[in-house]
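Coordinate inspection notes
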Amino acid sequence: MGKSYLGEFEEMVLLTVAHLQSDAYGAAIMEDIQQRTGRMVILSAVHVVLYRLEEKGLVTSTVGGATAERGGRRKRIFTITAYGIHTLAQIRQQREELWQLIPKSIRPSTL
Amino acid sequence: MSRKPPSTLPPKWIDRFLQWRLPEDQFEEVQGDMQELYGKWVNEMGKKKAKWLYFLHAFTFLRFLPKRKPFFKINQYSQANSFHMIANYLKVGFRNVIRQKVYSFINIGGLAIGLACCITIGLYIWDEYQYDRFHTNYRHIYRVVEQQTQAGTLYDVASTPGPLAPALKTDFDEIKQTCRISEAWWAGNLQIGEKIIEPEDILVADNSFFHVFDFKLIEGNPQKVLLNPDEVVISETLAKRFFGADYANAGNILGRQIRLKDGRLLTLAGVAENPPLHSQIQFDALLSCRYDELNSDNYKWNGNNYQTYVLVSQDADVAALNEKLKNYLQKHITLTNATTLSLQPLSAIYLYSDFDFLTDRGKRGNITYVRVFMAVGTIVLLIALFNFINLSTARAMSRAKEVGVRKVIGALRKQLIVQFLSEASSMTVIAVILSLLLLKLFLPILNDIAGKSIAIPFGDAAFVLALLGFTLMVSLLAGIYPALYLSHFKPVKVLKGFQSLQSAQFFRQSLVISQFALSVILITGTIVIYKQLAFMQNKNLGFDKSQLLHVYLPSDLRNKASVIKTDLENLTSIARVASTSGNLVDINQSTTHFAWEAQESGASILITHLNIDPDFLSTTGMTLLAGRNFNPAITTDTSSAYIINETAARQMGWTVDEAIGKKISFWDIEGNVIGVVKDFHFRPMTTAIAPLLFRYWPKESISGLFVKAKANRVKEAISTIAQIHKKYNISTALDYQFVDQMLEKQYRTEQNTAHIVFYFSILAIVVSCLGLFGLATHTAERRTKEIGVRKVLGASVANIILLFSKDFLKLILISFLIASPIAWYAMHRWLQDFAYSINVEWWIFLFTGLLVVTITSLTVSFQAIKAAFVNPVESLRNE
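Cut-offs and rules
Residues numbered from 1 in each chain as written. Chains lettered and ligands numbered in written order. Predicted model: local features only at pLDDT ≥ 70, side-chain atom pairs only at ≥ 80, totals over all residues. Helix = DSSP H or I, 4+ residues; strand = E, 2+ residues; numbered from the N terminus. Buried ≥ 20, exposed ≤ 12 C-beta atoms within 10 Å, placed from the backbone. Contact = placed C-beta atoms within 7 Å. Rg over C-alpha atoms; globule rule 2.2 N^0.38 Å. UniProt positions renumbered as here; feature names shortened; annotations may be inferred. Pairing = 2+ DSSP bridges. Axes fitted to C-alpha atoms, helices over the stretch in contact; angles between N-to-C directions. Nonpolar A, V, L, I, M, F, W, Y, C, P; charged D, E, K, R; others polar. Domains from an automatic or database assignment. pLDDT = per-residue confidence, 0-100. Core = buried A, V, L, I, M, F, W, Y, C linked by C-beta atoms within 7 Å. Parallel < 35°, antiparallel > 145°, perpendicular 65-115°, else oblique. Left-handed = near helix turned anticlockwise from the far one by under 90°. Expected span 1.5 Å × (residues − 1).

Along the backbone of chain A there are four helices and two strands. The order of α-helices and β-strands along chain A, N terminus first, is α-α-α-β-β-α. Considered along the principal axes of its C-alpha atoms, chain A spans approximately 55 × 35 × 20 Å. Within chain A, the proportion of its 111 residues that are buried is 30%. The long-range fraction of contacts in chain A, counting pairs at least 24 apart against all pairs at least 6 apart in sequence, stands at 45%.

Attention now goes to the overall build of chain B. Helix and strand counts for chain B stand at 31 helices and 26 strands. Taking 879 residues into account, the globule formula puts the C-alpha radius of gyration at 29 Å, and chain B, at 40 Å, lies well above it. Viewed in the frame of its principal axes, chain B has a C-alpha envelope of about 140 × 85 × 55 Å. Burial analysis of chain B (879 residues in total) assigns 38% to the buried set. Of the contacts formed within chain B by residues at least 6 apart in sequence, a portion of 82% connects residues at least 24 apart.

Listed under "domain: ABC3 transporter permease C-terminal" (unreviewed entry) in the UniProt record, and renumbered for this structure, are residues 375-490 and 760-872 of chain B. End-to-end, the C-alpha atoms of residues 375-490 of chain B are 40 Å apart, and along that stretch the chain is 85% helix and 0% strand.

Turning our attention to the sheet that holds strand β15 (residues 548-552) of chain B. Residues and elements named next belong to chain B. Taken together, four strands build an open sheet; the order of strands is β16-β25-β15-β26 and the sheet is antiparallel. What marks the edges here is a single partner per strand, and that holds for β16 (574-580) and β26 (735-738). Across the sheet, the mean angle separating the axes of adjacent strands is 25° when strand polarity is ignored. Bridge analysis of β15 against strand β25 (residues 704-709) gives five bridges, and the strand direction is antiparallel.

Attention shifts here to the interface of chain A and chain B. If you look at the interface, chain A gives 20 residues, while chain B gives 23 residues. Breaking the side of chain A that touches chain B down by element, the ones donating at least two residues are α2 (26-37), α3 (43-56) and β2 (74-80) of chain A. Residue contributions to the side of chain A that touches chain B peak at seven residues, all from α3(A). A breakdown of the residues in the side of chain A that touches chain B according to their chemical character gives eight nonpolar, four polar and eight charged.

Residue and element names in this part refer to chain A. Here L14 is to be found in helix α1 (residues 8-20). Taking the C-alpha atoms as reference points, L14 and S61, separated by 47 residues in sequence, lie 13 Å from one another. When near neighbours in sequence (up to four residues on either side) are disregarded, L14 contacts L6, L53, L58, I80, G84 and L88.

In this section: the domain arrangement of chain B. Here chain B is partitioned into domain 1 (12-79), domain 2 (138-364), domain 3 (368-536 + 748-877) and domain 4 (548-744). Distance from the C-alpha centre of domain 3 of chain B to the C-alpha centre of domain 4 of chain B: 56 Å.

Within chain A, residue pLDDT values average 86, and 94% of them lie at 70 or more. Highest mean pLDDT in chain A belongs to α1(A) (92); lowest belongs to strand β1 (residues 59-66) of chain A (83).

Right, let's get into the nonpolar core. Residues and elements named next belong to chain B. In terms of nonpolar packing, the biggest core is built from 93 residues, with L115, C117, V380, A384, V520, F760 and A764 touching the most fellow members. Mapped onto this core, the elements with two or more residues apiece are α6 (101-128), α13 (367-394), α15 (413-450), α16 (461-487), α18 (503-538), α27 (748-782), α29 (797-831) and α30 (842-868). It is α27 that contributes the most residues to this core, 15 residues altogether. Sequence-distant contacts of C117, defined by excluding residues within four places in its chain, comprise G377, V380, L381, F760 and L763. Ranked by size, the runner-up nonpolar core spans 55 residues in total, among them V212, F215, V225 and F242.

Residue and element names in this part refer to chain B. Among the eight residues in strand β11 (residues 265-272), six count as buried, and that is most of the element. Across two bridges, the pairing between strand β8 (residues 217-219) and β11 is antiparallel. When the bridges of β11 are listed, L217 appears paired with A272. The sheet contact formed by strand β9 (residues 231-235) and β11 spans five bridges and is parallel. Residue pairing for β11: E231 is matched across the bridge by T267. Here three bridges tie strand β10 (residues 257-260) to β11, and the two strands are oriented antiparallel to one another.

A word on the UniProt feature "domain: Transcription regulator PadR N-terminal" (unreviewed entry) in chain A. In this structure's numbering, the residues bearing the UniProt feature "domain: Transcription regulator PadR N-terminal" (unreviewed entry) are residues 17-89 of chain A. Overall, residues 17-89 of chain A shows 52% helix and 21% strand. The separation of its end C-alpha atoms is 14 Å.

Every other side chain in a regular strand lies on the same face of the sheet, so the side chains alternate between the two faces. Residues and elements named next belong to chain B. Here strand β1 (residues 141-150) runs beside strand β2 (residues 153-157); their pairing, made up of five bridges, is antiparallel. By the bridge assignment for β2, Q150 is matched with T153. Adjacent in sequence and paired antiparallel, β1 and β2 are bridged by two residues, among which A151 carries a positive phi angle near 50°.

Residue and element names in this part refer to chain B. Mean pLDDT over chain B works out to 85, with 95% of the residues at or above the 70 mark. Note on residues 1-6: pLDDT is under 50 here. Beyond four places in sequence and across chains, it has eleven contacts. Per-residue pLDDT stays below 50 along residues 70-79; that stretch engages in six contacts with residues further than four places along the chain or on separate chains. Listed scores for the predicted complex are pTM 0.71 and ipTM 0.85.

Residues and elements named next belong to chain B. Running from N to C, α29 and α30 cross one another at 150°; their axes reach a closest spacing of 9 Å. Relative to α30, α29 is oriented roughly antiparallel. In this structure, the crossing between α29 and α30 has a hand that is right-handed. Packed against α29, whose contacting residues are V797, I800, I801, F804, S805, F808, L809, I812, F816 and S820, the element α30 presents F845, G849, V852, V853, T856, S857, V860, S861, A864, I865, A867 and A868 at the interface. The residue inventory of the contact of α29 with α30, partitioned by class, reads 16 nonpolar, six polar and no charged.

This paragraph deals with the packing of α1(A) against α2(A). Residue and element names in this part refer to chain A. Where α1 meets α2, the axes come as close as 10 Å, and the angle between the chain directions of the two elements is 110°. As judged from the angle between their axes, α1 and α2 are roughly perpendicular. Residue-level contacts link M12, V13, T16, V17 and L20 of α1 to A28, I29, D32 and I33 of α2. Among the residues making up the contact of α1 with α2, the classes are represented as seven nonpolar, one polar and one charged.

Turning next to the environment of B:F442. Residues and elements named next belong to chain B. Assignment of secondary structure puts F442 in helix α15. Through-space distance from the C-alpha of F442 to that of C117 is 8.0 Å; in sequence the pair is 325 residues apart. If near-sequence neighbours (up to four positions away) are discounted, F442 is found in contact with A116 and T120.

Quick look at unusual backbone geometry now. Residue and element names in this part refer to chain B. The phi angle at W667 is positive, at roughly 50°, despite the residue not being glycine. Position of W667 relative to the elements: it lies in the loop between β22 (663-666) and β23 (669-677). Residue W667 is classed as exposed on the basis of its C-beta count, with 9 C-beta atoms lying within 10 Å.

Residue and element names in this part refer to chain B. The first and last C-alpha atoms of helix α14 (residues 396-409) sit 19 Å apart over 14 residues, in line with the 20 Å expected at 1.5 Å per residue. Among the residues of α14, R399, V403, G404, R406 and K407 are the ones counted as buried. Residues of α14 that are buried make contact with α15, α16 and α17 (491-496). Remark: G410 follows α14 within two positions and exhibits a positive phi of approximately 125°.

Next comes the structure, spelled out in structure tokens:
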């Protein structure tokens, strides 16, 4: 598999999938991002990204249980794959390297 | 996160939008998410805001959505229903039809021909069974018939004495009504004013004619007509001929006087609807039975002149009544011959009548030929079905992989059977549609041959239902074996290519054998029927039928016969003239009132007799074996001299020469045998030559003249005879017939059957050969490589053609061996209906065998030669 490039929003969704674990489905992911970033997230955007990630092999999905809030509809639970974790790690490492290059004078003290 | 159930549901129409927009599997999860969020929004921000957000989020799904991989579709198979599967079967089936044009053509075309034959014959037989069933009471109407034992032989007689009907009605409670009918062949023509018409069928009938049967009166009172002895009822056709097409408005035609030929005046009492086509009783005019009751000599217990029909009550025990009737005649008359009565159902009269002495002369069919046609139709259909089965199984190889793959995916055997059955039935439906088109072609031919007017009854619900049922049945018959066979393949074997297809080989070969066996039977049958026909038509009848005319003399001319005869003899175009009391084709006046010298007690003869004059033998060209002809100069010849035929002499125990001078008594008039004439045929070949006696009683009535025209002057002779006829009788046209044409006419049924069987056996052969061609094509394809290898190794073209044809010829030979004895037996049985028949000779089989071998060789060798000439490079290159 070649290198995959992730967009900013894609990366965010992927990270969310990774930390939500067994609770990672469309609406939950959307709310989580919304809460953490405070920005308006559109559900369709989350779904499209999830499908695209799945296509790239970064996540897999299974059909999960239904709840009353969902009017009896089943959820699709996304799980990050090993390849997904590896990709995230790679991105983080690149960023880290770039961070190290920034002069200490302008680097914020706490991250 | 607080999760409470949503207090209200989101707007439905947005859901509907989502459903439209999203693939089914995505829709479920998206809608779930949306509802979950909506519930939360309602709690946090209120309903109005929530709705707005819901709308906003939903409509952003209008964006481009990534296409999902197939494995993503979780619900695909659980949702497929049988409709989709059948649509798929038909699609695959259709592709197969298109891809294999030759096989499809053979399959569908052959089946269409077979079906067309079958439907044609079905319609014909159905039509034959329609006779007399239009009468409301047909189940309860019977005809009383007699079985007479005369001179040791049992004869069936359809006519009964006149007083029988009224006696039956008084003696039996079960018999509610009776109706007598007799043919008034003597009535001749009818005259109103100056207009003279000679109707074809004049009957004498009771008033009950309009109550027992469903014949209807257009004018006249059905309760009263024909009760008066001098009343007459005419048919609509006749009314139109007399009074014009507008007869109903031509003033009161009832009560008009109609004059019979013998001068009797009748009153027109009614106009009846024309009898339906499917009535064996046909009439143009009806005279009253009352007249006979009061006047006629025929109306007595010892004369059989009427057909007696009885209408029994609905709950009558017919078997018991039949038993009671058996010896009923003895109550009223002392019988000279043992005679019993029995009942014949009205609906059986048309097809099942075989009566002697011309007592049953209405419109008649023949059950034997109905059965023959049934057999022929079934045979052609079977051949077509076998084609279908054969080709379907032979082509199994090309479908085997498909079956394997379908099974691996999870198709059940049941589903595969349904698949192949639905394929077969869709082909059958196409074939049925084609066969209906062919039917348009066949029916006019059949109508022409059989003299019917059958149309395709598309409007008839019964026909449409029968057609549907028939289609279903044929689909099942054609499809079930291929379906079972194809669906039994083991997927592992098939997909690895190990499946042996030999198992169906034997079955297929048996089908080919049966096909050709059936064809051989049909061909042999056709040849034998034509041979027998030719035999009957060309057999030396014992007299010279060429240029021989029979002139029928109406009753008012009979007393002038001798004058007319002299006039005719003077004509240059005429060679000889003789007077006679019967024609030569079917002489039926006979009696047992006959005795001879040294007769053993108990011996009796039913002797046929004919009144002739001395010119008869020379006019008809008969040969005297012994004795002399009648001589007008010898007075005793006109009163006490007889000429008999060989058979009569033999049956009385004399040789031809011994017979001369022997004493015999005919109708108690004693006389001597003065001559013995060589046997000649005076009845159809179905009956043996019977004892016959010529008498020369010039004072007794004769019925006509035999005229021998000079060769090449026949036309001239006819016109001059007509002139002379006119001189003595202005009112009627000359009624003459050529004896050879009359002879030919009596074999019309046989001739029609021969033609129909001939056409169908051609079709049978065509269909069989179509199938064989298909099989040969298939074999050629399968053995391409083998032939290639053989050629490379040095086989010649001839070798390969032989190799190829050998397999097929073997099958044909076996079928021939099976079919020949069956054909021989069947034809032997058929020929037993004829007293004079051909032998089923060995060369007929040889000829049939050669014919079939030639036709099949031509069919097969086309493919064989094609296969043999293929360059081995072509066939072996792509391995």
